[in-house]
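Tertiary structure, described
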Amino acid sequence: MSGRRVLLRERTAVYLLFFLAGAAIGTWTARIPAIKERLGLGDGQLSLALLAIAAGSVLGMTVVGRLVDRHGSARVMIPAALAQGVVLVLPAHAWDLASLAGALLLFGVVHGVLDVSMNANAVQVERALGRPVMSSFHAVFSVGGFAGASTGGLFAHAGLTPAVTFWSAGAVIAALAVWAARWALRPAPEQADGARGRAGLPKGIVFLGVLAFCCLVGEGAAADWSSVYLSEDLAAAPGVAAAGYAAFSIMMTAGRLAGDRLAARFGPVPLVRCCGLLAAAGLGLALARVARNLRGS
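Structural notes, computed from the coordinates. (Residues numbered from 1 in each chain as written. Predicted model: local features only at pLDDT ≥ 70, side-chain atom pairs only at ≥ 80, totals over all residues. Heavy atoms only, no water.)

Scanning the chain from terminus to terminus reveals 11 helices and zero strands. Element order for the chain, N to C, with α for helix and β for strand: α-α-α-α-α-α-α-α-α-α-α. Over its C-alpha atoms, taken along the principal directions, the chain stretches across nearly 60 × 40 × 35 Å. Expressed as a percentage of its 297 residues, the buried residues of the chain come to 42%. Taking the contacts inside the chain whose residues are at least 6 apart along the sequence as the reference set, 85% of them involve residues at least 24 apart. Entry remark: accessible area of the chain is about 15600 Å², with carbon and sulfur atoms responsible for 69%. (Helix = DSSP H or I, 4+ residues; strand = E, 2+ residues; numbered from the N terminus. Buried < 20%, exposed > 50% of the residue type's maximum accessible area, 1.4 Å probe, protein only. Contact = heavy atoms within 4.5 Å. Areas by Shrake-Rupley, 256 points an atom, 1.4 Å probe, with all protein chains shown as cover.)

Here the focus is the nonpolar core. Nonpolar side chains in soluble globular proteins tend to end up buried together. Judged by nonpolar contacts, the single largest core of 60 residues is most densely connected at Leu17, Phe18, Trp28, Met77, Leu100, Met118 and Phe137. The residues contacting methionine 118, other than those within four sequence positions of it, are Val14, Leu17, Phe18, Ala21, Met77 and Phe141. (Core = buried A, V, L, I, M, F, W, Y, C linked by side-chain atoms within 4.5 Å.)

With 15 residues, helix α4 (residues 73–87) ought to run about 21 Å at 1.5 Å a step, and its terminal C-alpha atoms sit 21 Å apart, in line with that. For α4, every residue scored as buried is listed here: Ser73, Ala74, Val76, Met77, Ile78, Ala80, Ala81, Gln84, Gly85 and Val87. (Expected span 1.5 Å × (residues − 1).)

The residue arginine 11 is located in helix α1 (residues 3–30) in this model. Overall, the relative accessible area of 17% leaves arginine 11 in the buried class. Here arginine 11 is in contact with Val125, Leu129, Arg131, Val133, Ser136 and Phe137, once residues within four sequence places are set aside.

Glancing now at the packing of aromatic side chains. This model, assessed by the stated rule, comprises four aromatic pairs. Arranged with centres 6.3 Å apart and planes meeting at 45°, the rings of tryptophan 28 and phenylalanine 166 form a pair that is tilted. Of the two residues, tryptophan 28 sits in helix α1 while phenylalanine 166 sits in helix α7 (residues 162–183), which places them 138 residues apart along the sequence. Here tryptophan 28 and phenylalanine 166 have matching classes, each one buried. (Phe/Tyr/Trp six-rings, centres within 6.5 Å; stacked < 30°, edge-to-face > 60°.)

With that out of the way, let us pick up the environment of alanine 103. Following the sequence through the fold, alanine 103 ends up in helix α5 (residues 97–129). Among residues more than four places away in sequence, those in contact with alanine 103 are Leu90 and Pro91.

Here we take up the packing of α4 against α5. Orientation of α4 relative to α5, taken along the N-to-C sense of each, is 145°, at an axis distance of 8 Å. Once α4 is placed against α5, the crossing between them reads as left-handed. Judged by residue contacts, Ser73, Ala74, Val76, Met77, Ala80, Ala81, Ala83, Gln84 and Val87 of α4 engage Leu106, Phe107, Val110, His111, Val113, Leu114, Ser117, Met118, Ala120 and Asn121 from α5. Grouping the amino acids of the contact of α4 with α5 by side-chain chemistry returns 14 nonpolar, five polar and no charged. (Axes fitted to C-alpha atoms, helices over the stretch in contact; angles between N-to-C directions. Left-handed = near helix turned anticlockwise from the far one by under 90°. Nonpolar A, V, L, I, M, F, W, Y, C, P; charged D, E, K, R; others polar.)

Moving on to the side chain of serine 249. By secondary structure assignment, the location of serine 249 is in helix α10 (residues 243–266). Judged by relative accessible area, serine 249 falls into the buried class, the value being 0%. In contact with serine 249, not counting residues within four places along its chain, are Ser142, Gly145 and Phe146.

Per the stated rule, a full pass over the model turns up zero disulfides. Between cysteine 215, a free cysteine, and cysteine 214, which holds the nearest cysteine sulfur, the sulfur-to-sulfur gap is 7.0 Å. Sulfur of cysteine 275: no disulfide; nearest cysteine sulfur belongs to cysteine 274 and is 6.8 Å away. Exposure remark for cysteine 275: the relative accessible area of 43% places this residue in the partly exposed category. (Disulfide = S-S within 2.5 Å.)

In this section: helix α2 (residues 32–39). Where α2 is concerned, the buried positions are Ile32, Pro33, Ile35, Lys36 and Leu39. Projection of α2 onto a plane perpendicular to its axis shows the buried side chains occupying an angular sector of 165°, all on one side. Glycine 40 occupies a position one or two residues after α2 and carries a positive phi of about 65°. (Arc of directions from axis to C-beta.)

Another aspect to go through is the packing of helix α3 (residues 43–71) against helix α8 (residues 205–233). In contact at an axis separation of 12 Å, α3 and α8 are set at 160° when each is read in the N-to-C sense. Here α8 runs roughly antiparallel to α3, going by the angle between their axes. The handedness of the crossing between α3 and α8 is right-handed. For the pair formed by α3 and α8, the contact residues are Asp43, Leu46, Ser47 and Leu50 on the first element and Asp224, Trp225, Val228 and Glu232 on the second. Here the residues of the contact of α3 with α8 sort into four nonpolar, one polar and three charged. (Parallel < 35°, antiparallel > 145°, perpendicular 65-115°, else oblique.)

With that settled, consider a nonpolar patch on the surface. A cluster of nonpolar side chains, Ile205, Val206, Phe207, Leu208 and Val210, forms an exposed patch at the surface whose accessible area comes to about 490 Å². Its location among the elements puts isoleucine 205 in helix α8. (Patch = residues over 30% accessible without salt bridge, like charges linked within 9 Å, V, L, I, M, F, W, Y side chains within 5 Å. Salt bridge = Lys/Arg side-chain N within 4 Å of Asp/Glu carboxyl O.)

By themselves, these figures tell us nothing about what the structure is for.
Structure, rendered in structure tokens:
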């Protein structure tokens, strides 16, 4: 098999894992209102449960770097992708707030491990290609989010339970992860991304961390609360409520598909500044709408 065809397969495998990661998040997001209603949770209780996803992700991301360094990104991301199909099912079988938080903590750990390891593998593929393609990988993640939210919305519209939704999506995710395992790039452990020098943090890394934090605040708000807001505050039908995150995923996909070309044309720094202002304006408009609804209630 030619080197070019092998590289295409390796790139496709990473695309597929990004898609599956986004689909898992989108599917969960679409059924949050149903889980909230079934367990009789208030907004404050739901917030605590959703916080478990973030805590689990941080925990997973903290330990995965060493695993990637030691074993290589492929040996970490493939088991994580398979596990993601399993842990997606757990929230549907929670019986109270504590069990839901535990299920979401585990979901967050697996997602954090998969996130870092597949990005490390994507960097290796990008280097092999010799041109910037990282933004396209993240675009596929957003496509997966749209697909997962849309599928969850269809299941909700049909009156099917979250358990049916998550078992169906989990089976597909696990099956496609097995397929991706056949084509994935397998760099030697000593070549895997994430190797850390001993000279301390690179200059500017703290600022980039804060910037990433700000980005994820907006993304997390859309993922965790858009369907709840549409369902409870705007009285949208269950199938329609899932469209909030689906719309968010569409626009993320558009931005990420254009990201590589825009960065090459205008430079990453001006692009980050403009996109930051645009995101702040959009989030501000959403908050203004929520505030107006609260005053009117």
